[in-house]
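Architecture and fold: a report
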Amino acid sequence: MKPIWDEATVFSTTLENRLQVSIFADHRMPIVTTRITYHVGSAHEDEDSRGLAHLFEHLMFAKTTNYPERAIYKYVEQFGGSTNAFTSFDETTYYAQTPPRKHYQALEIYADGMTDLELSQDTLDRDKKVVLEELRVGAQNDPFNRLTLDILAKTMNKHPDSISPLGTEQDDGNATLPKCLTF
C-alpha cells in the first residue's frame, strides 16, 4: 500500500488580503472538506467580551443578506455531507463536507456570514440558550472537563487560557447584541 502523500498534492498560499489558503488534495476521495479557520478564540477576549468567540461561532449560522438562517446546513445536507464548527483558545473553525463540484457554494455561504450577517435579539437569545446547554452538558456535567477547567483556573491565574473557550454562564448572560456586533 502506498503512503497517502504519494497520492496527494499539497498547495498553500497567502492571498493579497492576507487570507491563507491551504489545499490538501487526495484525489482518491470523492469529497471536499472546506475548512475555514479564524484566528480568534477565547484567548483573544478581554473581560468585557469573554465567551463571545464561542457565542459568535453559533451566531455565524444566522440569516445573512443573501441566505436564510442555517443555509450552510441546508445546502450541505442535501448532498449527504456534514458541517459544524468549534471554538478553541486560539481559533474558531467552521467546516463543510461536500461533493467536489459543490464546495464553492459552501465557501460563498460562509463568506456571506462573515460580511453580511443579520443579527437580531431573537437570534442572540436563542443561541445564548444553546451555548448554556453546551456549558451544562460539556463543561459542568463532565467530571474530566470540570477537573481540567479547575486546574486551568488555579494554575494559570488571570491568563486568557485559564477560562474555557465555552465561556461561563455569567459570560453568556452578559452578552448583548451591541457587544456581539462590536466583537
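All of the points below concern the structure found in this document. (Residues numbered from 1 in each chain as written. Predicted model: local features only at pLDDT ≥ 70, side-chain atom pairs only at ≥ 80, totals over all residues. Heavy atoms only, no water.)

1. Side note on unusual backbone geometry
As a reminder of what qualifies: Runs of H or I in DSSP of at least four residues are treated as helices and runs of E of at least two as strands, each being numbered from the N terminus. Each residue is assigned to one of three classes by its accessible area relative to the maximum for its type, calculated with a 1.4 Å probe on protein chains only: buried under 20%, partly exposed between the two thresholds, exposed over 50%.
Within the chain, R70 stands out as a residue other than glycine whose phi angle is a positive 60°. Along the chain, R70 falls in the loop between α1 (52-59) and α2 (71-77). With a relative accessible area of 41%, R70 lands in the partly exposed category.

2. Description of the layout of surface pockets
What counts is decided by this rule: In the cavity and pocket records, a cavity denotes points on a 1 Å grid over the protein atoms alone where a 1.4 Å probe fits but cannot get out, a pocket denotes an open set with protein on both sides within 12 Å along at least 5 of 7 lines, and lining residues are residues with an atom within 4 Å of a point. Grid points are joined across faces, edges and corners, and a volume is the space filled by probe spheres set on the points.
In this structure, the largest pocket spans a volume of roughly 1,200 Å³. Lining the largest pocket we find 27 residues, and of these V21, S22, I23, T34 and R35 sit closest to its centre. When residues of the lining of the largest pocket are traced back to their parent elements, those giving at least two are β2 (20-26), β3 (32-38) and α3 (103-115). Roughly 170 Å³ of volume is contained in the second largest pocket. Lining the second largest pocket, in full, are Y38, V40, A53, F56, E57, M60, T92, Y94, M114 and F183.

3. Side note on α1
For α1, the tally of buried residues reaches eight of eight residues, placing the bulk of the element in the interior. Restricting attention to buried positions, one finds in α1 the residues L52, A53, H54, L55, F56, E57, H58 and L59.

4. Quick notes on empty space enclosed by the protein
Where empty space is left becomes clear once a probe the size of a water molecule has been rolled over the atoms. Stated formally: When residues are grouped by polarity, Ala, Val, Leu, Ile, Met, Phe, Trp, Tyr, Cys and Pro land in nonpolar, Asp, Glu, Lys and Arg in charged, and all others, Gly among them, in polar.
Within this structure, the stated rule accounts for two cavities of 30 Å³ or more. Taken as a whole, the largest cavity holds about 80 Å³ of empty space. Lining the largest cavity are M60, F61, A62, T64, Y67, P68, R70, A71, I72, I109, Y110 and G113. Contributing elements (two or more residues each) for the lining of the largest cavity: α2 and α3. For the lining of the largest cavity, the element with the highest residue contribution is α3, accounting for three residues. Residues that form the lining of the largest cavity fall into these classes: nine nonpolar, two polar and one charged. If you add up the space inside the second largest cavity, you get close to 30 Å³. Lining of the second largest cavity is provided by R50, G51, L52, V131, L166, T168, D171, D172 and A175. In terms of residue class, the lining of the second largest cavity is built from four nonpolar, two polar and three charged.

5. Some words on the pattern of salt bridges
The cut-off we apply is this: In the sections that follow, a salt bridge refers to a side-chain nitrogen of Lys or Arg positioned within 4 Å of a carboxyl oxygen of Asp or Glu.
Using the criterion set out here, one finds seven salt bridges in the structure. With a shortest N-O distance of 4.0 Å, E91 and R35 are connected by a salt bridge. One end of the pair, E91, is in the loop between β4 (82-87) and β5 (92-98); the other, R35, is in strand β3, with 56 residues separating them in the sequence. As a salt-bridge pair, R126 and E69 come within 2.9 Å of each other at their nearest N and O atoms. Here R126, found in helix α4 (residues 121-140), pairs with E69, found in the loop between α1 and α2; they are 57 residues apart in sequence, far enough to count as distant. What emerges from the salt-bridge pattern is a single network uniting E69, R126 and D127.

6. A closer look at the nonpolar core
Quick note on the threshold: For the purposes of this section, nonpolar cores are sets of buried Ala, Val, Leu, Ile, Met, Phe, Trp, Tyr and Cys residues that join through side-chain atoms within 4.5 Å. Pairs of residues are marked as contacts when any of their non-hydrogen atoms sit within 4.5 Å.
Counting residues in hydrophobic clusters, the biggest one holds 30 residues, and the most contacted among them are L55, L59, F61, I72, Y110, L119 and C180. Elements that contribute at least two residues to this core include exactly α1, α2, β5, α3, α4 and α7 (177-182). Here this core gets five residues from one element, more than from any other, and that element is α2. Setting aside chain neighbours within four positions, we find I72 in contact with F61, T83, A96, A106, I109 and Y110.

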